[in-house]
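# Tertiary structure, described
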Amino acid sequence: AQSVAQPEDQVNVAEGNPLTVKCTYSVSGNPYLFWYVQYPNRGLQFLLKYITGDNLVKGSYGFEAEFNKSQTSFHLKKPSALVSDSALYFCAVRDMNSGAGSYQLTFGKGTKLSVIP
Amino acid sequence: NAGVTQTPKFRVLKTGQSMTLLCAQDMNHEYMYWYRQDPGMGLRLIHYSVGEGTTAKGEVPDGYNVSRLKKQNFLLGLESAAPSQTSVYFCASSYLTRGTNQPQHFGDGTRLSIL
């Protein structure tokens, strides 16, 4: 079974400060990990993914995420937050060994990010 | 390039009524998915399809049926709507690839209220 935990329902950060949105995962094999962002009344938009290789993954809009296998974490980060980054962020995982026939992502419950001007 | 298009965007139903939600994608994706999003629960997979003519159950399939008669379309049906099915429904699609995973592309959702 695969699961994702986003321990914070909400994160508040001042504009210009660095931001971190936390994600931990559980899979029996190796993970594929994703971050998505959702703006009000819109669908989810892909930000970045970790498949294999470098532990620091760079994505859209200046976001990056750090994969830590020993801590089973995949935290989303940005060096300098913008007000326009305010949105709902979802972490998702798939077990690499689950096979193409059962391609299912498991999503976390989401973290609401508020960037304060 | 429209991506993933969902119709309708909003709908109010009475308990016991039936309806079909339509999802269309123009990216030639093999995989398609239906999710529901409820406050504090994230996204939960209802059904998915790995290709034309094939469907499979996800995490919360009860009360829903799906069909994929054409590669670009994925229909979600509610035969007898219940208030517990009040939710925002999202359709997504993705490529089938070996060795890597492609991101899912989402529509903007259908907001369904059942009275």
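This text follows the structure it describes.
Residues numbered from 1 in each chain as written. Chains lettered and ligands numbered in written order. Predicted model: local features only at pLDDT ≥ 70, side-chain atom pairs only at ≥ 80, totals over all residues. Heavy atoms only, no water.

### Considering the nonpolar core
Residues and elements named next belong to chain A. What counts here: To qualify as a nonpolar core, a set must consist of buried Ala, Val, Leu, Ile, Met, Phe, Trp, Tyr and Cys residues joined through side-chain atoms within 4.5 Å. Accessibility here uses a 1.4 Å probe with only protein chains present; expressed as a share of the type maximum, an area under 20% marks a residue as buried, one over 50% as exposed, and anything in between as partly exposed. The secondary structure listing takes helices from DSSP runs of H or I that are at least 4 residues long and strands from runs of E that are at least 2 residues long, numbered from the N terminus. Working rule for contacts: check all heavy atoms of both residues, and any pair within 4.5 Å makes them a contact.
Within the largest apolar cluster, 27 residues are counted, with the highest numbers of intra-cluster contacts made by W35, L47, L48, F74, L76 and Y89. Only β2 (10-14), β3 (19-21), β5 (31-38), β6 (44-50), β8 (64-68), β9 (73-78), β10 (87-95) and β12 (111-116) provide two or more residues apiece to this core. F74 has contacts with C23, L33, F34, W35, L48, K49, Y50, V57, A65, E66 and F67, leaving out every residue within four places of it along the chain.

### Looking at the state of the cysteines
All names here are of chain A. As a reminder, the rule being used: In what follows, a disulfide is any cysteine sulfur pair within 2.5 Å.
Applying the stated criterion to the full structure yields two disulfides over all chains. The residue that forms a disulfide with C23 is C91, at a sulfur-sulfur distance of 2.0 Å. Every disulfide takes its handedness from the sign of the S-S torsion; for C23 and C91 that torsion is -60°, giving left-handed. Here the residue C23 occupies a position in the loop between β3 and β4 (24-26), and C91 occupies one in strand β10, the gap between them amounting to 68 residues. We note that C23, like C91, is buried.

### So, the interface of chain A and chain B
Quick reminder of the rule: Buried area is a sum: the accessible area each of two parts loses on coming together, probed at 1.4 Å, counted once for each and added. We define a salt bridge as a side-chain nitrogen of Lys or Arg found within 4 Å of a carboxyl oxygen belonging to Asp or Glu. Any N or O atom pair separated by 3.5 Å or less is treated as a polar contact, with the protein-specific requirement of one donor-capable and one acceptor-capable atom, and with residues adjacent in sequence counted only for side-chain atom pairs.
Chain A puts 23 residues into the contact, and the matching count from chain B is 26 residues. Summed over both sides, the interface of chain A with chain B buries roughly 1900 Å², with 50% coming from carbon and sulfur. Counting across the interface, chain A meets chain B through one salt bridge. In this structure, R42 of chain A engages D108 of chain B in a salt bridge whose closest nitrogen and oxygen atoms are separated by 3.0 Å. Where chain A packs against chain B, one counts four residue pairs in polar contact (both at pLDDT 80 or more).

### Points about the packing of aromatic side chains
Rules: Aromatic rings from Phe, Tyr and Trp, taking only the six-membered ring of Trp, are treated as a pair when their centres fall within 6.5 Å; an angle between ring planes under 30 degrees marks them as stacked, one over 60 as edge-to-face, and anything in between as tilted.
This structure, assessed with the given rule, holds 15 aromatic pairs over all chains. The interplanar angle of 80° and the centroid separation of 6.2 Å between the aromatic rings of F107 of chain A and F106 of chain B together place this pair among those described as edge-to-face. Of this pair, F107 of chain A sits in strand β11 (residues 106-107) while F106 of chain B sits in strand β10 (residues 105-106), which puts the two residues in different chains. For F106 of chain B, a relative accessible area of 11% gives the class buried. The interplanar angle of 35° and the centroid separation of 5.7 Å between the aromatic rings of Y35 of chain B and F106 of chain B together place this pair among those described as tilted. A residue pair is termed long-range when its members are at least 10 positions apart, and Y35 of chain B in strand β4 (residues 31-38) and F106 of chain B in strand β10 qualify at 71 residues.

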